[in-house]
Amino acid sequence: NTSDASGKTSELLDDYEEGVYTATLTPASSGTVALSSSHDTLKYTKIGRFVAVTGRVNVASISSPSGALAINLPFVNASEGADHSAYTNCSVFTHEVNLIDNTIGVMVEISPNQSSGALFQIRDNASWSGLDGNQLTSSSGQWFTFSIHFFTNS
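What counts, and where the lines are drawn
Every chain's residues receive numbers from 1 upward, in the order its sequence appears when written. Thresholds applied to this predicted model are a pLDDT of at least 70 for local features of residues and 80 or more for the giving and counting of side-chain atom pairs; totals over whole chains, interfaces and linings are not thresholded and use all residues. The basis for every side-chain value is the complete set of non-hydrogen atoms in the structure, without hydrogens or water. Numbering of helices and strands starts at the N terminus; helices are DSSP runs of H or I of at least 4 residues and strands are runs of E of at least 2. Note on definitions: a residue-residue contact is assigned when non-hydrogen atoms from the two residues lie within 4.5 Å. For the area figures, the Shrake-Rupley method with a 1.4 Å probe applies, and any residue is considered shielded solely by the protein chains shown. The patches described consist of residues with a relative accessible area above 30% and no salt bridge, like charges being joined within 9 Å and nonpolar side chains (Val, Leu, Ile, Met, Phe, Trp, Tyr) within 5 Å. Whenever a carboxyl oxygen of Asp or Glu lies within 4 Å of a side-chain nitrogen of Lys or Arg, that contact is scored as a salt bridge. Exposed residues in this analysis have more than 50% of their type's maximum accessible area, buried residues have under 20%, and partly exposed residues fall in between, with area computed by a 1.4 Å probe over protein chains only. The sign given to each residue is positive for Lys and Arg and negative for Asp and Glu; His and the chain ends receive no count. Nitrogen and oxygen atoms within 3.5 Å of one another constitute a polar contact, given that in protein one can donate a hydrogen and the other can accept it, and given that sequence-neighbouring residues count only through two side-chain atoms. Side-chain rings of Phe, Tyr and Trp, where Trp is taken by its six-membered ring, are said to pair if the distance between their centres is within 6.5 Å; with planes under 30 degrees apart they count as stacked, over 60 as edge-to-face, and otherwise as tilted. Any Lys NZ or Arg CZ that is within 6 Å of a ring centre and within 35 degrees of that ring's normal is treated as a charge sitting over the ring.

Per the secondary structure count, the protein includes 0 helices and 11 strands. The order of helices and strands in the protein, counted from the N terminus, is β-β-β-β-β-β-β-β-β-β-β. In the protein, of all internal contacts separated by at least 6 residues, the share reaching a separation of at least 24 is 66%. Only carbon and sulfur atoms are counted for the fraction: they give 48% of the accessible area of the protein, which is about 8,300 Å².

Here is the structure:
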């Protein structure tokens, strides 16, 4: 805490919390994705309203997943600001996931007032599409590493 921030009301860290939570990958339409019980938690740190989530989850098995995948979050994304300022896009690394042709990256998009984020494939022609659960196989070598950040009102 210093007194050199002119016009600021506080320079103290507020409401610090850290922990882990059990992650889920949920297909939008149908089916299930089971995560390995030894690799199904993500770490989070919350300072004030800012939340950071990191970690890796491993796919253990699937049962006819269909529709864009979503990852659950430990808090709800805030809904505030003008235009699309409450939307958040975060990075994902995938291993042995069958990405569609011309995919150059994967991201998580978190819409306002949501407690989960949708996984999208970024294409080299400036388009994007949901990462569909049917792109997973029953291979246990598939995993996702997340680096997610957003603001919450909690």
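Turning to a nonpolar patch on the surface, a few remarks are in order. Together, Leu-13, Tyr-16 and Ile-47 give the surface a local cluster of nonpolar side chains, amounting to about 320 Å² of exposed area. In this structure Ile-47 comes out as partly exposed when scored by relative accessible area, which is 31%.

Tracing the backbone shows Asp-132 in the loop between strand 10 (128-130) and strand 11 (143-151). At 12 Å, Arg-123 is the nearest oppositely charged side chain to Asp-132, a buried residue that forms no salt bridge. In terms of polar contacts, Asp-132 uses its side chain to reach the backbone amide nitrogen of Asn-134, at 2.8 Å. Ignoring any residue separated from it by four or fewer positions in sequence, one finds Asp-132 in contact with Pro-65, Ser-66, Gly-67, Ala-68 and Leu-69.

This model, assessed by the stated rule, comprises 2 salt bridges. A salt bridge links Asp-15 to Lys-46; the nearest nitrogen and oxygen atoms lie 2.4 Å apart. Note that Asp-15 is positioned in the segment before strand 1 (17-22) and Lys-46 in strand 4 (residues 41-47), a separation of 31 residues in sequence. For Lys-43, the salt bridge identified is with Glu-18, shortest N-O distance 3.8 Å. Remark: Glu-18 occurs in strand 1 and Lys-43 occurs in strand 4; sequence separation between them is 25 residues. Its relative accessible area of 39% is what places Lys-43 among the partly exposed residues. Using a relative accessible area of 45% as the deciding quantity, one classes Glu-18 as partly exposed.

With that out of the way, let us pick up the side chain of Ser-36. Tracing the backbone shows Ser-36 in the loop between strand 3 (30-35) and strand 4. Not counting residues within four places of it along the chain, the set of residues in contact with Ser-36 comprises Asn-58, Val-59 and Ala-60.

Further remarks concern the environment of Ala-68. Assignment of secondary structure puts Ala-68 in the loop between strand 5 (50-66) and strand 6 (69-72). For the pair Ala-68 and Gln-135, spaced 67 residues apart in sequence, the C-alpha separation works out to 9.6 Å. With residues near it in sequence (within four places) discarded, Ala-68 still touches Thr-26, Pro-27, Ala-28, Gly-130, Leu-131 and Asp-132.

Enumeration according to the criterion identifies 6 aromatic pairs in this entry. Measuring from ring centre to ring centre gives 5.6 Å for Tyr-44 and Phe-75, while their planes differ by 80°; the resulting arrangement is edge-to-face. With Tyr-44 in strand 4 and Phe-75 in the loop between strand 6 and strand 7 (88-95), this pair connects stretches of sequence that are 31 residues apart. The exposure class assigned to Tyr-44 is buried, which follows from its relative accessible area of 10%. Taken together through their ring pairs, the aromatic side chains of Tyr-21, Tyr-44 and Phe-75 make up a single cluster. Above the plane of the ring of Phe-75 lies Lys-46, whose end atom (NZ or CZ) is 5.6 Å from the centre. For Arg-56, the ring lying beneath its charged end belongs to Trp-143, and the centroid distance is 4.3 Å.

By themselves, these are just geometric observations and shouldn't be taken as functional.
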